[in-house]
Amino acid sequence: MTLPPALSHAIVAFIVLNALLVLVAYVTLLERKFAARMQSRIGPYYVGRPHGWLQPIADALKLMMKEDIVPTASDRWVYNLAPLVFLVPCLLIFATIPFAPELGVADLNIGVLFFLAVSSLEIVGLFMGGWGSNNKYALLSAMRAVNQIISYDLPFIFAALVPVLLAGSMQMSAIVTAQQGLWFVAYPVIGQLAFVAFLVATLAAENRVPFDILEAESELVAGFRVEYSGMKFALIQLGEYAHMLGTSFLGALLFLGGWLGPGPAWLGPFWFLAKAILVFLVVTWVRWSFVRIRVDQILGISWKLLLPATLLLLMATGFVVALRGAGGA
Amino acid sequence: MPDTLTKQVVEVGYGGNERLMMNMGPQHPSSHGVFRMILTLEGETVVAVDAVIGYLHRCHEKLGETLTYVQYPSIASKTDYVAAMTSELAYVSAVETIAKVEVPKRAQYLRVIAAELQRIASHCLWLGTWCLDMGGALGGGATVFLYCIREREMVLDRFEELTGARLLYGFHQIGGTRYDLPPGWDTKVRETVDFIEARLDEYEAMLEENTFFRVRTQGVGVISRELAQAVGVSGPLIRGSGVSYDVRRAEPYSSYGDFDFVVPVETAGDCYARYRVRMVEFRQSIRIVRQALDGLPEGPISSRPGVKSVGQVRVPKGEGYARVEGARGEVGCYIVSDGGPKAYRMKWRGASFSNLAVLPHIVPGHKVADVVAIMGSVDPVFGEVDR
């Protein structure tokens, strides 16, 4: 018996989506434990021994039971839609990520392009939330968000294009296959620079400290989500962490060889997950040790430093690939 | 009723953009208590700031006139609850000035130890909350904050052993101190300050070698020397603006003349300069604590016999002012006595109050994010501002 392709795709998507949601929930626990160790604390502990393993579930239940507040002065349609508009692209980015050869929702031949395009869409939800809340903090935060994401999408894309050039394909599985001999992070000079640029741009694209000016709880209280409560707040949080996890997967795939690793083939997805978690932890490590920088400084770093640097890097990669092609052929 | 005269609106070049009035406080994560700033923004730039205080007013000066000299020192600590020893000391010193009470040498040294430990504890909280303002509760700022709180807790543990209280002590009394050192306390204090001294190097490495910290603090919120003197700021603020002024040095009280310490001065006047001043003060306080513990004389801890009722301490007719160098600056207390068991009139000079007055002069022209950095570097405690 064979299922119609549409149905089988739907089933796979359903499984991946649910697995992801659980993973995202536990990534929050991981971050909390990690941050706690950095700050000489213990972190979640009592909700589910050992080490608070039930904490994410307790949090989700709590958020579901919270009152859903819609400010009277808000633009109701925009306000209510924003969390969904924010969440959908954040989950959609996983569509093209193969977790192992042949294990993924859709291994498009323009996978990287799809990822980059869809992940930029989250700004629409962000801005809707900030605008629809009709709150001055939220509005300022939404303005900052647009500034920041537009500024950092370009370096992010350029850094992500370096492995694409090296592999000569936009298909995620082809990029991994191209790393059989040498992971791109180990590619002389270009690989390391691109990886660092990718991490910095990732921090900014994910709105993490030191680039979390749109959340900025000491200035803008909670930024664009200051008015959200209950499940809508949970959806926004979920979207943020999903986006973060997705970008970590992308980093692991583009630079750290995806599912490649010693051992039998079935270990592949676990290698991939471990690498993605490693990228995630590096980002978390930066988050919990830096202070936030100012909006004008953030824009300055992007336009004056990161953008020209990644552009040059991309050009250099192009030369390297062209020379390699000329020499090899 | 808005009073137009008290509004401080400083114009900086108006680009013809739309302005946004934003309310920061009285309930705001970085308001350090209950302080309300009405900011006028052009985009992200602050063009005017209107400061509103008074949300924590508790009639302290009136309380000082209704409570007796025995009762009030423990209430005095509630003016600046982050550095409670300071205001107690200012109050009892003012009363001692009027009554011409001699304070035994041992009590003077104990007061110095308490005051300097208090300065360490207060600066710990300042550093933590300031980094929290800049780094966020979900970021690197929280890391520094938790480290600082750990050190502050150690000092508070020592205070608990000394007085039985962790926040509001009631350690001072007219004529001396209320408690003598418990056995073994000095060793513990030495261990505590050794620990904190080692940690300070860690903080400096963590913050000063961090480019993001430097770009957030250097050149931000510059108080010029002239402005500092005109507004009347004191403490780390005036020392960060190039004025070497410290009450402990200018007018030594409670045997401060016996100790060897440096008054740090920075000339830049920005947030970073104030940070440097406080970091040096940390170390100088540790130095003073060690010297005081080494040279602690034997003898009585109070020149006044114990009293059975709160009205028994009477002070002759007269008036007196005493000032001490608190963690935030000069804390003064003015008392008029009519010869009874209570002050006839009492007036506080809060360091935070005068320091806060500089905000409308330095905030306009900065970005919103700088407002919280400047605010944190001023280190106000609203118990002391509103009293």
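Owing to the predicted nature of the structure, the values given are computational and were not obtained by experimental measurement.

A.B. asks: How should I be thinking about the overall build of chain B in this particular structure?
C.D. replies: Along chain B, the regular secondary structure elements total 15 helices and eight strands. Taken over C-alpha atoms, the radius of gyration comes to 21 Å for chain B, in line with the 21 Å a tight globule of 387 residues would show. Projecting the C-alpha coordinates of chain B onto the three principal axes gives extents of approximately 70 × 50 × 35 Å. In chain B, which comprises 387 residues, the share counted as buried stands at 51%. Residue pairs in contact within chain B that sit at least 24 positions apart in sequence constitute 71% of those at least 6 positions apart.

A.B. asks: Quick question: what am I supposed to make of the overall build of chain A here?
C.D. replies: The helix and strand inventory of chain A stands at 11 helices and zero strands. Taken from the N to the C terminus, the helices and strands of chain A come in the order α-α-α-α-α-α-α-α-α-α-α. For chain A, whose C-alpha radius of gyration is 20 Å, the value lies close to the compact-globule estimate of 20 Å for 329 residues. Counting only C-alpha atoms, chain A reaches 65 × 55 × 45 Å along its principal axes. Excluding contacts between residues fewer than 6 apart, the proportion of contacts in chain A whose partners are at least 24 apart in sequence is 76%.

A.B. asks: Explain the domain arrangement of chain B here, please?
C.D. replies: Frequently, the measure chosen for interface size is the accessible area removed from exposure when the parts meet. Residues and elements named next belong to chain B. Domain annotation for chain B reports domain 1 (4-52) and domain 2 (60-386). Computed over C-alpha atoms, the centres of domain 1 and domain 2 are 29 Å apart. Contact with domain 1, which involves 18 residues of that partner, is made by 18 residues of domain 2. Elements supplying a minimum of two residues to the side of domain 1 that touches domain 2: β2 (36-42) and β3 (45-52). If one sorts the elements of the side of domain 1 that touches domain 2 by residue count, β3 sits on top with six residues. Looking at side-chain class alone, the side of domain 1 that touches domain 2 contains 12 nonpolar, five polar and one charged residues.

A.B. asks: Just to check I follow, could you spell out the interface of chain B and chain A for this structure?
C.D. replies: Between chain B and chain A, the contact holds 31 residues from the first and 25 residues from the second. Within the residue set of the side of chain B that touches chain A, elements represented by two or more residues are β1 (20-24), α4 (105-135), α5 (140-163), α7 (211-217) and α14 (368-378) of chain B. It is α5(B) that contributes the most residues to the side of chain B that touches chain A, six residues altogether. Residues belonging to the side of chain B that touches chain A are distributed by class as follows: 16 nonpolar, nine polar and six charged.

A.B. asks: Teacher, can you tell me more about helix α8 (residues 190-205) of chain A here?
C.D. replies: All names here are of chain A. Look at α8: 22 Å from first C-alpha to last across 16 residues, which is about the 22 Å you get at 1.5 Å a residue. A194, F195, A197, F198, V200, A201, T202, L203, A204 and A205 are the residues of α8 that are buried. Positioned one or two residues after α8, N207 has a phi angle of 60 degrees, which is positive.

A.B. asks: How do you make sense of the sheet that holds strand β6 (residues 318-325) of chain B when you look at a structure like this?
C.D. replies: Strand pairing in a sheet takes place through backbone hydrogen bonds and is either antiparallel or parallel in direction. Residues and elements named next belong to chain B. Sheet architecture is open: three strands sit in the order β6-β7-β8, paired in antiparallel fashion. This sheet does not close on itself; its edge strands, each paired only once, are β6 and β8 (343-349). In this sheet, adjacent strand axes meet at a mean angle of 15 degrees when their direction is disregarded. Examined bridge by bridge, strand β7 (residues 330-337) and β8 share six bridges and lie antiparallel to one another. If you follow S337 over to β8, its bridge partner there is A343. Contacting β6 and β7, helix α3 (residues 84-99) runs over the sheet at an angle of about 145 degrees to β6.

A.B. asks: For this particular structure, what's the right way to read the sheet that holds β1(B)?
C.D. replies: Residue and element names in this part refer to chain B. A sheet is described by the order of its strands in space; here three strands give the open sequence β1-β2-β3, paired in antiparallel fashion. The open sheet has two edge strands, β1 and β3, and neither has a second partner. The sheet shows a mean angle of 25 degrees between the axes of neighbouring strands, direction not considered. Two strands pair when backbone bridges link them, and β1 and β2 are joined in this way by five bridges, in the antiparallel orientation. Across the sheet, residue M21 finds its bridge partner in β2, namely T40.

A.B. asks: Hey, could you run me through the nonpolar core in this one?
C.D. replies: Among soluble globular proteins, nonpolar side chains are generally buried collectively. In terms of nonpolar packing, the biggest core is built from 204 residues, with A159(A), A160(A), A201(A), L245(A), L253(A), V95(B) and I374(B) touching the most fellow members. Mapping this core onto the domain boundaries places at least three of its residues in each of domain 1 (4-52) and domain 2 (60-386) of chain B.

A.B. asks: So what exactly am I meant to see when it comes to the pairing of β6(B) here?
C.D. replies: Looking along a regular strand, one sees side chains alternate from face to face of the sheet. Residue and element names in this part refer to chain B. The pairing of β6 with β7 spans eight bridges and is classified as antiparallel. Looking at the pairing, G320 lines up with I335 of β7. From the end of β6 to the start of β7, which pair antiparallel, there are four residues, and G329 there has a positive phi angle of about 140 degrees.

A.B. asks: Which parts of the structure should I look at to understand the confidence of the model for chain B?
C.D. replies: As a general rule, the predicted coordinates of low-pLDDT regions are not to be interpreted in detail. Overall, the predicted model of chain B reaches an average pLDDT of 86, with 95% of residues at or above 70. Interface predicted TM-score (ipTM) for the complex: 0.78; the corresponding pTM is 0.83.

A.B. asks: Where do I start with unusual backbone geometry in this structure?
C.D. replies: Residues R49(A) and P50(A) are joined by a peptide bond in cis, for which omega reads -5 degrees. Among the secondary structure elements, P50(A) is positioned in the loop between α1 (5-38) and α2 (55-65). One non-glycine residue, H51(A), adopts positive backbone phi at about 60 degrees. Among the structural elements, H51(A) can be located in the loop between α1 and α2. Of the residues examined, H51(A) has 14 C-beta atoms within 10 Å and is grouped as partly exposed. Backbone geometry at S254(B) places phi at a positive 45 degrees, although glycine is not the residue there. Note on placement: S254(B) falls in the loop between α10 (247-250) and α11 (271-294).

A.B. asks: How do you make sense of the packing of helix α3 (residues 76-92) of chain A against helix α5 (residues 122-132) of chain A when you look at a structure like this?
C.D. replies: Packed helices, taken two at a time, are described by the angle between their axes plus the distance between the axes. Residue and element names in this part refer to chain A. Between α3 and α5, the least distance of the axes is 7 Å, while the angle of their chain directions is 160 degrees. On the basis of their axis angle, the class for α3 and α5 is roughly antiparallel. In the packing of α3 onto α5, the handedness of the crossing is left-handed. Between α3 and α5, the contacting residues are V78, Y79, L81, A82, P83, V85, F86, P89 and C90 on the first element and E122, V124, G125, L126, M128, G129, W131 and G132 on the second.

A.B. asks: It is not clear to me how the pairing of β3(B) should be interpreted in this structure. Could you clarify?
C.D. replies: Residues and elements named next belong to chain B. Sheet topology note: the β2/β3 ladder contains seven bridges and is antiparallel. The residue bridging E42 from the neighbouring strand is T45, located in β3. Linkage of β2 to β3, two consecutive antiparallel strands, is achieved through a turn of two residues, within which G43 is found at a positive phi near 65 degrees.

A.B. asks: What am I meant to see in the environment of V286(A) here?
C.D. replies: All names here are of chain A. Among the secondary structure elements, V286 is positioned in helix α10 (residues 268-287). Given 19 C-beta atoms within 10 Å, V286 falls into the partly exposed group. Along the backbone, V286 and I190 are 96 residues apart, and their C-alpha atoms lie at a distance of 22 Å.

Basis of the calculations
- Residues numbered from 1 in each chain as written.
- Chains lettered and ligands numbered in written order.
- Predicted model: local features only at pLDDT ≥ 70, side-chain atom pairs only at ≥ 80, totals over all residues.
- Helix = DSSP H or I, 4+ residues; strand = E, 2+ residues; numbered from the N terminus.
- Rg over C-alpha atoms; globule rule 2.2 N^0.38 Å.
- Buried ≥ 20, exposed ≤ 12 C-beta atoms within 10 Å, placed from the backbone.
- Contact = placed C-beta atoms within 7 Å.
- Domains from an automatic or database assignment.
- Nonpolar A, V, L, I, M, F, W, Y, C, P; charged D, E, K, R; others polar.
- Expected span 1.5 Å × (residues − 1).
- Pairing = 2+ DSSP bridges.
- Axes fitted to C-alpha atoms, helices over the stretch in contact; angles between N-to-C directions.
- Core = buried A, V, L, I, M, F, W, Y, C linked by C-beta atoms within 7 Å.
- pLDDT = per-residue confidence, 0-100.
- Parallel < 35°, antiparallel > 145°, perpendicular 65-115°, else oblique.
- Left-handed = near helix turned anticlockwise from the far one by under 90°.

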